Amino acid sequence: MKITEAIFVQSNTEYQKCPTPDRPEYAFIGRSNVGKSSLINSIVQKKDLAKTSQTPGKTQLINHFLINKSWYLVDLPGYGYAKVSKTEREKFEQMIFDYLHYRENLKCTFVLIDIRHDPQKVDTEFMAKLAESNIPFYIVFTKADKLSKTAALKNLESYTTKMLETWEEMPYYFVSSSVDGIGREEILKAIEELNLESKA
Ligand code: GDP
């Protein structure tokens with residue numbers, strides 16, 4: 001899919017105030033600093049569409065972007081940021097979950113994980129919650145350029161093995177790098193296929 005247009009639409013704190021759910025939507029989420037803004041900018045090939053965050057945890061809003069006038073890309077707040085108060089964190093985690101649960105045009109969520117990390121509780125618990133609620137998601141392992149191909153494969157294998165200790169199967173995943181564009185085409189292809197499905 002060629003991106004011809006990417007426009008920021010609005011930021012919200014509540015799913016009820018999001019744009020009319022009249023086209024397919026894809027959400028991107030992950031821990032602060034996982035590379036979410038960079039990935040979104042790389043996907044739509046715009047330098048500053050999603051502001052690369054200077055202060056982790058600051059962007060606590062649901063941000064809608066309209067792509068090619070035909071689908072929404074949503075930048076969700078980074079989760080698991082330790083420096084906000086527990087009450088504040090719970091409040092925005094609830095906001096995220098309400099959005100994921102009730103946003104009727106949401107086709108799929110991309111959960112970003114740094115390819116260099118072992119499974120972290122905050123990510124696996126989040127994915128378990130998605131699975132329990134039947135919310136479809138893909139994993140995107142980010143910052144692949146930070147590892148050699150061999151090291152990346154080794155980490156993916158080890159991540160999968162650890163996931164399979166508790167998961168029946170490994171969720172479908174992509175590998176990405178915003179530096180060299182790895183994974184961009186694959187992610188866009190998945191979105192394109194889901195867009196077509198939603199038209200059928
Ligand atoms: P966010 O907080 O999840 O939106 O993360 P950002 O996109 O702001 O990225 C956090 C930091 O990681 C920044 O310093 C980025 O330059 C860096 N970064 C993000 N994606 C990549 C990537 O694919 N490769 C490399 N090497 N660095 C990245």
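Thresholds applied
- Residues numbered from 1 in each chain as written.
- Predicted model: local features only at pLDDT ≥ 70, side-chain atom pairs only at ≥ 80, totals over all residues.
- Heavy atoms only, no water.
- Helix = DSSP H or I, 4+ residues; strand = E, 2+ residues; numbered from the N terminus.
- Rg over C-alpha atoms; globule rule 2.2 N^0.38 Å.
- Buried < 20%, exposed > 50% of the residue type's maximum accessible area, 1.4 Å probe, protein only.
- Areas by Shrake-Rupley, 256 points an atom, 1.4 Å probe, with all protein chains shown as cover.
- Lys, Arg positive; Asp, Glu negative; His and termini not counted.
- Charge placed at Lys NZ, Arg CZ, Asp CG, Glu CD.
- Expected span 1.5 Å × (residues − 1).
- Arc of directions from axis to C-beta.
- Phe/Tyr/Trp six-rings, centres within 6.5 Å; stacked < 30°, edge-to-face > 60°.
- Lys NZ or Arg CZ within 6 Å of the ring centre and 35° of its normal.
- Core = buried A, V, L, I, M, F, W, Y, C linked by side-chain atoms within 4.5 Å.
- Contact = heavy atoms within 4.5 Å.
- Salt bridge = Lys/Arg side-chain N within 4 Å of Asp/Glu carboxyl O.
- Pairing = 2+ DSSP bridges.
- Axes fitted to C-alpha atoms, helices over the stretch in contact; angles between N-to-C directions.

Draft legend 1. Seen up close, the overall build of the protein chain. Summing up its helical and strand segments, the protein chain has 5 helices and 7 strands in all. Going from N to C terminus, the protein chain has its helices and strands arranged as β-β-α-β-β-α-β-α-β-α-β-α. A compact globule built from 200 residues would reach a C-alpha radius of gyration of about 16 Å, and the protein chain, at 16 Å, matches this within 12%. In the protein chain, which comprises 200 residues, the share counted as buried stands at 46%. For the protein chain, the exposed surface amounts to about 10,900 Å²; the carbon and sulfur share of it is 49%. Side-chain charges of the protein chain comprise 27 positive and 27 negative groups, with the mean position of each set lying 7 Å from the other.

Draft legend 2. Quick look at helix α5 (residues 184–199). With 16 residues, α5 extends 23 Å between its outermost C-alpha atoms, agreeing within 8% with the 22 Å of an ideal straight helix rising 1.5 Å per residue. Here α5 has its buried residues at Arg 184, Ile 187, Leu 188, Ala 190, Ile 191, Leu 194 and Asn 195. For α5, the angular spread of the buried residues around the axis is 155 degrees, confining them to a single face. What points out from α5, more than 90 degrees from its buried face, is the exposed set Lys 189, Leu 196 and Glu 197.

Draft legend 3. Expanded view of the packing of aromatic side chains. A complete count under the given rule lists 13 aromatic pairs for this structure. Geometrically, the ring pair formed by Tyr 138 and Phe 174 is edge-to-face, given 5.2 Å between the ring centres and 90 degrees between the ring planes. Here Tyr 138, found in strand β6 (residues 137–142), pairs with Phe 174, found in strand β7 (residues 173–175); they are 36 residues apart in sequence, far enough to count as distant. Of the two residues examined, Tyr 138 and Phe 174, each falls in the buried class. Sitting over the face of the ring of Phe 97, Lys 129 holds its NZ or CZ atom 4.3 Å from the ring centroid.

Draft legend 4. Up close: the nonpolar core. In terms of nonpolar packing, the biggest core is built from 31 residues, with Leu 76, Tyr 99, Leu 100 and Met 127 touching the most fellow members. Looking at this core element by element, the count peaks at 6 residues for helix α2 (residues 86–102). If we skip the residues at most four places from it in the chain, Met 127 touches Val 111, Ile 113, Phe 137, Ile 139, Tyr 159, Met 163 and Trp 167. Formed by 26 residues, the second largest nonpolar core is a distinct cluster that contains Val 44, Leu 112, Tyr 138 and Ile 191.

Draft legend 5. View of the pattern of salt bridges. Using the criterion set out here, one finds 11 salt bridges in the structure. Residue Asp 22 pairs with Arg 23 through a salt bridge whose shortest N-O separation is 3.1 Å. On the accessibility criterion, Asp 22 (47% relative accessible area) is partly exposed. Relative accessible area serves as the criterion here: at 25%, Arg 23 is assigned to the partly exposed category.

Draft legend 6. Representation of the sheet that holds β6 in the model. Read across the sheet, 7 strands follow the order β1-β3-β4-β2-β5-β6-β7 without closing on themselves; strand pairing throughout is mixed. Since the sheet does not close on itself, it has two edges, and those belong to β1 (6–12) and β7, each with one partner. Averaged over neighbouring strand pairs, the angle between their axes works out to 25 degrees when direction is ignored. Here strand β5 (residues 106–114) pairs with β6 via 6 bridges, running parallel. Residue Ile 113 lies in a different strand from β6, and its bridge partner there is Phe 141. Along the sheet face, helix α3 (residues 121–132) touches β2 (25–30), β5 and β6 and points at about 165 degrees away from the line of β5.

Structural measurements only, silent on function.
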